[in-house]
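One-letter residues, chain by chain:
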There are 2 protein chains.
Amino acid sequence: MQKLLYLAVAYGLTATAPALAQQAEKVDQAIIAKIKDEGLNRSQVMKTAFYLTDVCGPRLANSEGLNRANDWTQKQMAIWGLTNSKIEPWGDFGRGWDIEKSYVAMTAPYYHAMIGAPKAWTPGTNGALKKQVVLVKAATEADLAKYKGQLRDKIVLTEVASEPKTTFTADASRYTDEELQKMATPAEARPATTANDEARNAYRARLALRTKMSEMFMQEGAAAVLSTRGGSHGTFFTSNGAPYAADAKPVLPEIEMSPEDQLRLIRLVEAGIPVEVEMETRTKFQTQDLKGYNVVAEIPGTDRKLKSEVVMLGAHLDSWHAATGATDNAAGCAVMMEAARILKALDVKPRRTIRVALWSAEEQGLHGSRNYVKNHFADPATMKLLPEHEKLAAYFNLDNGSGKIRGIYAQGNEQVQPIFAAWLKPFADMGATTVTPRNTGGTDHLAFDAVGLPGFQFIQDGLDYNTRTHHTNMDTYERLQADDLKQASVIVASFVYHAAMRDQKLPRKALPQPPTAPKS
Amino acid sequence: MQKLLYLAVAYGLTATAPALAQQAEKVDQAIIAKIKDEGLNRSQVMKTAFYLTDVCGPRLANSEGLNRANDWTQKQMAIWGLTNSKIEPWGDFGRGWDIEKSYVAMTAPYYHAMIGAPKAWTPGTNGALKKQVVLVKAATEADLAKYKGQLRDKIVLTEVASEPKTTFTADASRYTDEELQKMATPAEARPATTANDEARNAYRARLALRTKMSEMFMQEGAAAVLSTRGGSHGTFFTSNGAPYAADAKPVLPEIEMSPEDQLRLIRLVEAGIPVEVEMETRTKFQTQDLKGYNVVAEIPGTDRKLKSEVVMLGAHLDSWHAATGATDNAAGCAVMMEAARILKALDVKPRRTIRVALWSAEEQGLHGSRNYVKNHFADPATMKLLPEHEKLAAYFNLDNGSGKIRGIYAQGNEQVQPIFAAWLKPFADMGATTVTPRNTGGTDHLAFDAVGLPGFQFIQDGLDYNTRTHHTNMDTYERLQADDLKQASVIVASFVYHAAMRDQKLPRKALPQPPTAPKS
């Protein structure tokens, strides 16, 4: 029964779409000129980014930093004149966690202060420790046996998977014309190879081993753990998988280290030289309020018939904890806020309501956006649609760093492609040209896509996102490119405006079937 | 009188040189094959580098780390069978200094552990400090006046001259063929421009202002100073100019910071947000032994007539203190030691004596090599020659990082060029092809050149020396390129061997006139 309903809805929506695509898509050149003027000549995007990064600080889900950012963004959007600006709970997340002290140094064979940060949601050391280091090398669970009885009161050193390399290629790059042209074509089908399965299985095996290791280090009475996920030159990556749940099992204090420092310790230990490490970390858990929150604010629609419909734009406000999450994703938030500010400054009268959403707990699995979608539109597990589902005209997301917009992913939605092509055309001279039919993943538009809503992510120049910024301790304000963020702000403002003014909502793909639906 | 003597000596030496240059230079292909075999297939250069860097640690002049390196290298060269291996005092240097604790964090508006290291030869904080920060911006001494009375008990923040940039060029590069071909020609004469004078004067003015600032911070009773010299992504540069003299004036505790951290503090202060910093540094001065030392060791000559003559090879063992000085200059030391080890392993019987020298206090002004030259060969101030002056056949130096050898600087010595060309030829397939008539500066061969001795530095691929390693906190073992160091070791071994076997010492340039000689 449920399935038939979904199919009927889906068919109804897709049936009207081809007609829309064939219309000449309206583009308002006058408003675009005004948007460019406001966004390029009176931009506030870097000021916003400064508040999100330097002033609020790291914004780990449910941390004090994210609380500061929630408060500041809610107030700032109200100051700009947006309405219904609010911090909206979305459900249960887990514990808050903040660093209050972080210090780690090698004290023998000589003194060397090291670069690292407590792994998210790990406990502190409860005062300063000074301990001998033991290197644990294990490719399988069986390898762990030989360390039994060796770890009590020691600091455990784990291996480094990838060593820093001297690089003969640049940290940062932009898409070439050739790369963009290739993206404008459908993705080549990637056959499901056994290599993929093997890689996935190997990854799962490593995760499982790492869990076993953590348990064993705890059982054996180790004092703390030093680990590293990679990076170079003082840049280190932080990793996922920490226990934020209110009822999470206890873990040891753990510091994620710069590879150079970790490798020095490893080389010394392997050469038989006794190594002693001093560390003092203090972390604070918050368990009073386990709920998660998003920040939303609106520019109300003015068309009698259409103002109940909504065009959304969003980005995630939460970040990892070792830096200020400048490119992941203060950049996206600052651009989305700036796009709204530009439209408000121009005092546009959108037909549909425009709603900015700043998500939380994206880094732990898109929790903020997924729960928002579940609360407002539909639960992907049942695909039971809520009344607001039919009211959403479009959702636009930005979460690929500080690079300027080069186009947009149509996310497999064929009918939206000519519309996006028309909307992009006025920005060709700013480098944004490409509508790709391809999907992109990894961020909050997926929450909308999962329930058949038209959710999109822009194509952005990669810059140094993968080499230096994404999830590292160096994702700081310096990494932001002002000109890129200004460009992105005006393009997003224009897209959102056009989506709000269009006669029809954006065409949708067929509704997905609920995973629980019986197979036909 | 003195001047005439020098001129006579100089004329005598240069008069014999053209005849030598016209001889077909002998190249011993058999020994080269053996050197390549030992140096490429049984290399110990990375093991040596590991001991110099990770095991000995940072090797600031007169530090405990340099003492460890002196001891280890002296013993290791003796173990390899070199003779007269010794730690040789060269005169007065100044105080030893080591870091015993280094911790700095922002504690308001929120907690953030920062990356930095005490500036060399600065005192510690005498326990933990937690203080408000004051930003001092001064382009001239007059600008300092407005901070009078504002600095007592504060941590002073100084400006950042160059901000980190997102880089679209690679950190590391190698010489192209075109660049090498250009180097093979004489340097274009650079006319003395007023721009050069202006730049020099501006530099001096900045130094003078910095000294004034330091004095003022001290007088005003500031608690400590945070400064930065540049860098990016967790890499920061350390700077020269610290007071190592035994009678140096007291200075404040000062931490050289990563630019990202310094800039975050600056941006917050400039936005009117109160910033508090916690720091604890402990540094240890050693004043028992103010002498400087070099390490020397020999492979004795075997030719009755020539064994009193010496071919030297060297590199400086001292480094800066925030890393382990891997490319500046454990790399050069490891290569020079390895070259000697290779020749010893092959049990060569050189006609002349081969002497390895590992210098100290190069970073403070080539003090180790300059004093060695003064003690053994000649004082450039008087150009009074000591008996050993006529016995030195050649000096080879390596101090441009971890890059492989691409050729050699003839240092304006025309007659040596065809000799070097012949010696390089067997290494063309390893990328070493270029003899440049040009000079290069900045390191210990200048000490020899200054008294008319044939001292040479090799051309090396730059790699990431200027971007990431030279004088930074990231000049660590990871930066070393094993294949490059092996290549350099075999080329140096061959050059040294050929210089030791040659019928004549290497031709010399005309002796320089002493700066104190009366003008004719």
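These numbers come from a predicted model, not from an experiment. (Residues numbered from 1 in each chain as written. Chains lettered and ligands numbered in written order. Predicted model: local features only at pLDDT ≥ 70, side-chain atom pairs only at ≥ 80, totals over all residues. Heavy atoms only, no water.)

Novice: Honestly, the sheet that holds strand β3 (residues 112-113) of chain A in this entry has me stumped. Any pointers?
Specialist: Sheet strands pair by backbone hydrogen bonding; their relative direction is either parallel or antiparallel. Residue and element names in this part refer to chain A. Taken in spatial order, the eight strands make up an open sheet running β3-β2-β11-β5-β6-β7-β10-β4, and their pairing is mixed. Each having just a single partner strand, β3 and β4 (116-118) make up the two edges of the open sheet. Sheet topology places strand β6 (residues 155-158) next to strand β7 (residues 224-227); three bridges connect them, and they run parallel. Note on β7: the bridge partner recorded for I155 is A224. Here helix α7 (residues 259-270) sits on the sheet in contact with β2 (96-108), β3, β5 (129-136), β6, β7, β10 (254-257) and β11 (276-286), set at roughly 105° to β6. (Pairing = 2+ DSSP bridges. Helix = DSSP H or I, 4+ residues; strand = E, 2+ residues; numbered from the N terminus. Contact = heavy atoms within 4.5 Å. Axes fitted to C-alpha atoms, helices over the stretch in contact; angles between N-to-C directions.)

Novice: How should I be thinking about the confidence of the model for chain A in this particular structure?
Specialist: It should be kept in mind that the predicted coordinates are not to be read in detail where pLDDT is low. All names here are of chain A. Mean pLDDT over chain A works out to 93, with 94% of the residues at or above the 70 mark. The model gives residues 1-21 a pLDDT under 50, and that stretch makes 26 contacts with residues more than four places away or in other chains. Across the assembled chains, the prediction reports ipTM 0.94 with pTM 0.93. (pLDDT = per-residue confidence, 0-100.)

Novice: Even after reading the chapter, I still don't get helix α10 (residues 417-424) of chain B, so can you show me in this structure?
Specialist: Turn by turn, an α-helix covers 3.6 residues, leaving residues three or four places apart pointing in a common direction. Within the span of α10(B), buried status applies to B:I419, B:F420, B:A422, B:W423 and B:L424. Each element contacted by the buried residues of α10(B) is listed here: β17 (392-397), β18 (405-409), β19 (434-436), β20 (455-460) and α13 (482-501) of chain B. (Buried < 20%, exposed > 50% of the residue type's maximum accessible area, 1.4 Å probe, protein only.)

Novice: Please clarify how the pairing of strand β13 (residues 310-316) of chain A should be interpreted in this entry.
Specialist: Successive residues of a regular strand alternate their side chains across the two faces of the sheet. Residues and elements named next belong to chain A. In terms of burial, β13 is a largely internal element, seven of the seven residues being buried. Both faces of β13 are covered, namely the face carrying V310, M312, G314 and H316 and the face carrying V311, L313 and A315. Taken together, the seven bridges between β13 and strand β14 (residues 353-359) define a ladder with parallel strand orientation. The residue of β14 that forms the bridge with G314 is A357. Pairing of β13 with strand β17 (residues 392-397) involves five bridges; the strand directions are parallel.

Novice: Before we go on, may I ask you to explain the interface of chain B and chain A in this structure?
Specialist: A common way to state how big an interface is: give the accessible area lost once the parts meet. On the chain A side, the residues contacting the 49 residues of chain B number 49 residues. Both faces considered, chain B and chain A share a buried interface measuring about 4200 Å² in area, 58% of it formed by carbon and sulfur atoms. Across the salt bridge formed by B:E478 and A:R267, the nearest N and O atoms sit 2.7 Å from each other. For the pair chain B and chain A, the interface holds 16 residue pairs in polar contact (both at pLDDT 80 or more). Breaking the side of chain B that touches chain A down by element, the ones donating at least two residues are α3 (45-55), β2 (96-108) and α7 (259-270) of chain B. Of the residues contributing to the side of chain B that touches chain A, the split by class is 21 nonpolar, 15 polar and 13 charged. (Buried area = accessible area lost by both parts, 1.4 Å probe. Salt bridge = Lys/Arg side-chain N within 4 Å of Asp/Glu carboxyl O. Polar contact = N/O pair within 3.5 Å; in protein donor to acceptor, adjacent residues only side chain to side chain. Nonpolar A, V, L, I, M, F, W, Y, C, P; charged D, E, K, R; others polar.)

Novice: What should I look at first to understand unusual backbone geometry in this one?
Specialist: Backbone geometry follows two general trends: most residues other than glycine have a negative phi, and most peptide bonds adopt the trans configuration. Residue and element names in this part refer to chain A. Here the bond from A108 into P109 is cis, since omega is 15°, no more than 30 degrees from zero. Along the polypeptide, P109 turns up in the loop between β2 and β3. For Q411, which is not glycine, the phi torsion reads 55° and is therefore positive. Examined against the element boundaries, Q411 turns out to sit in the loop between β18 (405-409) and α10 (417-424). Given a relative accessible area of 2%, Q411 falls into the buried group.

Novice: Help me out: how do you make sense of the relation of the copies chain B and chain A in this one?
Specialist: There are two copies of the chain, and a rotation about an axis plus a shift along that axis relates them. Expressed as a screw transformation, the operator carrying chain B onto chain A has a rotation angle of 180° and an axial translation of 0.0 Å, and the superposed copies differ by an RMSD of 0.0 Å. Taken together, the turn and the small shift mark the pair as related by a two-fold rotation axis. (Least-squares fit on C-alpha atoms with pLDDT ≥ 70 in both.)

Novice: Sorry, what's going on with the environment of B:Q460 here?
Specialist: All names here are of chain B. Structurally, the position occupied by Q460 is in strand β20. Sequence-wise, Q460 and P164 are 296 residues apart; in three dimensions their C-alpha atoms are separated by 26 Å. One polar contact links the side chain of Q460 to the main-chain carbonyl oxygen of G401, over a distance of 2.9 Å.

Novice: Quick question: what am I supposed to make of the sheet that holds strand β13 (residues 310-316) of chain B here?
Specialist: Residue and element names in this part refer to chain B. With mixed pairing, eight strands are arranged side by side in an open sheet as β1-β12-β14-β13-β17-β20-β18-β19. The outermost strands of the open sheet, each flanked by one partner alone, are β1 (83-92) and β19. Across this sheet, the average inter-strand angle for adjacent strands is 25°, counted without regard to direction. Contacts from helix α9 (residues 367-376) reach β1, β12 (291-299), β13 and β14 (353-359) within the one sheet, and its direction differs from that of β1 by about 100°.

Novice: Please explain the packing of aromatic side chains as it appears in this structure.
Specialist: Each aromatic ring pair is described using two quantities: the centre-to-centre distance and the angle formed by the ring planes. Overall, the coordinates contain 45 aromatic pairs over all chains when judged by the stated rule. Ring centres of A:F93 and A:W121 lie 6.0 Å apart, and the angle between their planes is 50°; this geometry places the pair in the tilted category. Residue A:F93 is found in the loop between β1 (83-92) and β2, and its partner A:W121 is found in the loop between β4 and β5; the two are separated by 28 residues along the sequence. Taking relative accessible area as the criterion, A:F93 reaches 10% and is therefore assigned buried. A relative accessible area of 1% places A:W121 in the buried class. Centroid distance A:F396 to A:F495: 5.9 Å. Interplanar angle 90°. Geometry classified as edge-to-face. Note that A:F396 is positioned in strand β17 and A:F495 in helix α13 (residues 482-501), a separation of 99 residues in sequence. Pairwise contacts between aromatic rings join A:F396, A:F420, A:W423, A:F456, A:F458 and A:F495 into one cluster. The ring of B:Y103 has A:K101 lying over it, and the distance from NZ or CZ to the ring centre is 4.2 Å. (Phe/Tyr/Trp six-rings, centres within 6.5 Å; stacked < 30°, edge-to-face > 60°. Lys NZ or Arg CZ within 6 Å of the ring centre and 35° of its normal.)

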